[in-house]
Amino acid sequence: MTAPKVYIDGILQTWGERLYPEPLRTVKPKKGLTALRVKPRASTGRKPAQGGGSIRAKQTLSSTVKKTPEVMVKVTGGGKGMKAIRAHLDYISRNGQEPLETDQGDIVVGRDAVNELREEWEIGSFGVIPEESNRRHAFNIILSMPPGTDRKGVHDAARDFAAEQFGGQYKYVFVSHHDEMHPHVHLCVAARGMDGTRLHPRKDDLQLWRESFAGHLRERGIEANATKRQARGITKTPTPQPVVNMQKKRGEKPRHYRDPNTRPNPDNPYAEKQTRTRGNVVRAYAEVAKALAASDDVEDRKTAVQVVELVKAMPAVLETQRAPNPIQPADQVRGNARQEKGGDKPQDV
């Protein structure tokens, strides 16, 4: 017996929002009020469709099970004072050889032009930036995609992303680098806005930026996804940027850094939370797979099988953090696909 579409849409919306929640954006409050965080208006690269959350969940689920390339948006540091900002602008422009593009659409190329840009940033609109400071005056952001992605598309998507997130409020420059396999863009954003407010990127902001960047890539026909690590079963802890710089750029070995991915820590304070999160993710996928397996749509039933395969392929949480997997083998879901040939009835997963 197949499940009605309204039931399937309800399951997708309920559990899909837990897997792929919309990131919150900070809204500047009116005078005397507290800042609010509401759902974003970031570009999605998809036409609006009836069905609301269920449509978004289904689209994101489809991209996830197909292993659509994930965008990477990373804050790699920032200039604490003009000395650090000058050094970063020199680095990303390759001492003036690579053209920088500003928030005004101007192209800055050559040492003299970069020097003028640095002087403009140093004077700014709110007083001179000190040579050195304990306060961050700019944020360095990297936007990247896997090797093989159209480089021009990445560059153009980064331009629209920067205009959408920072245009009219924060000064910024960006440039594409082509010296590595994966296309990537360096974006330098002033920490202080035109109205005096300061930029404070948080976790939710980074996810919003990923969603926005992925949307602009999709608008250019580039497949891109922006799901959270938990929804993909990623348990590997990222290496901190300072450690990466020491190892790769300076060839140094950190004396006191302990890699949690190679040396599991039995006293990990986050072990219980990681286990609980994995259990919630697996349960959500189980409910979604069960609903799709009961659909009379062949593609839905195929997706149900892919969901099961996705969960089975997820790397285990560290040995002491294993979470139960309530999803049954994929063979039980495949039985639902036999309906189109007059075979078995849908089975629970």
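Please read these numbers as outputs of a predicted model, since none were measured by experiment. (Residues numbered from 1 in each chain as written. Predicted model: local features only at pLDDT ≥ 70, side-chain atom pairs only at ≥ 80, totals over all residues. Heavy atoms only, no water.)

Student: Describe the overall build of the chain, naming the residues involved and giving the relevant values.
Tutor: Along the backbone of the chain there are 10 helices and eight strands. Expressed as a percentage of the 349 residues in the chain, the buried residues total 40%. Residue pairs at least 24 apart in sequence account for 71% of intrachain contacts in the chain once pairs closer than 6 positions are excluded. Working note: accessible area of the chain is about 19700 Å², and carbon and sulfur atoms make up 50% of it. (Helix = DSSP H or I, 4+ residues; strand = E, 2+ residues; numbered from the N terminus. Buried < 20%, exposed > 50% of the residue type's maximum accessible area, 1.4 Å probe, protein only. Contact = heavy atoms within 4.5 Å. Areas by Shrake-Rupley, 256 points an atom, 1.4 Å probe, with all protein chains shown as cover.)

Student: Give a detailed account of the pairing of strand 6 (residues 138-144), specifying residues and quantitative values.
Tutor: Consecutive side chains of a regular strand alternate in pointing toward one face of the sheet and then the other. Along strand 6, seven of the seven residues are buried, which leaves the element largely enclosed by surrounding structure. A two-sided burial pattern is seen for strand 6, the buried positions comprising Ala-138, Asn-140, Ile-142 and Ser-144 on one face and Phe-139, Ile-141 and Leu-143 on the other. Here strand 3 (residues 72-77) pairs with strand 6 via five bridges, running antiparallel. Pairing of Val-75 across the sheet is with Ile-141, part of strand 6. Where strand 6 and strand 8 (residues 184-190) come together, seven bridges link them in antiparallel fashion. Its bridge partner being in strand 8, Leu-143 is matched across the sheet by Val-185. (Pairing = 2+ DSSP bridges.)

Student: Outline the packing of helix 5 (residues 151-166) against helix 6 (residues 203-219), supporting the account with residue identities and numerical values.
Tutor: At their nearest, the axes of helix 5 and helix 6 sit 8 Å apart, and the two run at 135 degrees to each other. Between helix 5 and helix 6, the angle falls in the class oblique. The chirality of how helix 5 crosses helix 6 is right-handed. Counting all contacts with helix 5, which are made through Gly-153, Val-154, Ala-157, Ala-158, Asp-160, Phe-161, Glu-164, Gln-165 and Phe-166, the residues of helix 6 involved are Leu-208, Trp-209, Ser-212, Phe-213, His-216 and Leu-217. Residues that form the contact of helix 5 with helix 6 fall into these classes: nine nonpolar, four polar and two charged. (Axes fitted to C-alpha atoms, helices over the stretch in contact; angles between N-to-C directions. Parallel < 35°, antiparallel > 145°, perpendicular 65-115°, else oblique. Left-handed = near helix turned anticlockwise from the far one by under 90°. Nonpolar A, V, L, I, M, F, W, Y, C, P; charged D, E, K, R; others polar.)

Student: Pulling in residues and values, what's your account of helix 6?
Tutor: For helix 6, with 17 residues, the first-to-last C-alpha span of 25 Å sits near the 24 Å given by 1.5 Å per residue. Across the 17 residues of helix 6, 13 count as buried, placing the element largely inside the fold. Directly beyond the C-terminal end of helix 6, a positive phi value near 80 degrees is found at Gly-221. (Expected span 1.5 Å × (residues − 1).)

Student: Give a detailed account of the nonpolar core, specifying residues and quantitative values.
Tutor: Ranked by size, the top nonpolar core spans 28 residues in total, and within it Phe-166, Leu-187, Phe-213 and Leu-217 carry the most contacts. Elements represented by at least two residues in this core include exactly strand 6, helix 5, strand 7 (172-177), strand 8 and helix 6. No other element matches the six residues that helix 5 contributes to this core. Beyond its immediate stretch of four places on either side in the chain, Phe-213 contacts Val-71, Val-73, Leu-143, Ser-144, Met-145, Val-154, Ala-157, Ala-158 and Phe-161. Counting residues in hydrophobic clusters, the runner-up holds 26 residues, among them Leu-61, Leu-292, Ala-294 and Val-311. (Core = buried A, V, L, I, M, F, W, Y, C linked by side-chain atoms within 4.5 Å.)

Student: Let's hear about the pattern of salt bridges: which residues, and what values?
Tutor: Across all of its chains, the model carries 14 salt bridges by this definition. Taking the shortest distance from any N to any O, the salt bridge between Arg-56 and Glu-211 comes out at 3.1 Å. Within this pair, whereas Arg-56 is found in helix 2 (residues 53-65), its partner Glu-211 is found in helix 6, the two being separated by 155 residues in sequence. Between Arg-118 and Asp-90 there is a salt bridge, with its nearest N and O atoms 2.8 Å apart. (Salt bridge = Lys/Arg side-chain N within 4 Å of Asp/Glu carboxyl O.)

Student: Can you break down helix 5 residue by residue, with the values?
Tutor: Under the 1.5 Å per step criterion, the end-to-end length of helix 5 is 22 Å for 16 residues, consistent within 8% with the ideal 22 Å. All of the buried residues along helix 5 are Gly-153, Val-154, His-155, Asp-156, Ala-157, Ala-158, Phe-161, Ala-162 and Phe-166. In this structure, the buried side of helix 5 is in contact with strand 4 (100-102), strand 6, strand 7, strand 8 and helix 6. A positive phi of about 80 degrees marks Gly-168, the residue just after helix 5.

Student: Would you mind going over unusual backbone geometry in detail, with residue names and values included?
Tutor: One non-glycine residue, Arg-94, lies in positive phi territory at about 55 degrees. Among the secondary structure elements, Arg-94 is positioned in the loop between helix 3 (82-92) and strand 4. Phi is positive for Asn-95, which is not a glycine, with a value near 55 degrees. Among the secondary structure elements, Asn-95 is positioned in the loop between helix 3 and strand 4. Take Asn-95: its relative accessible area is 41%, and that puts it in the partly exposed class.

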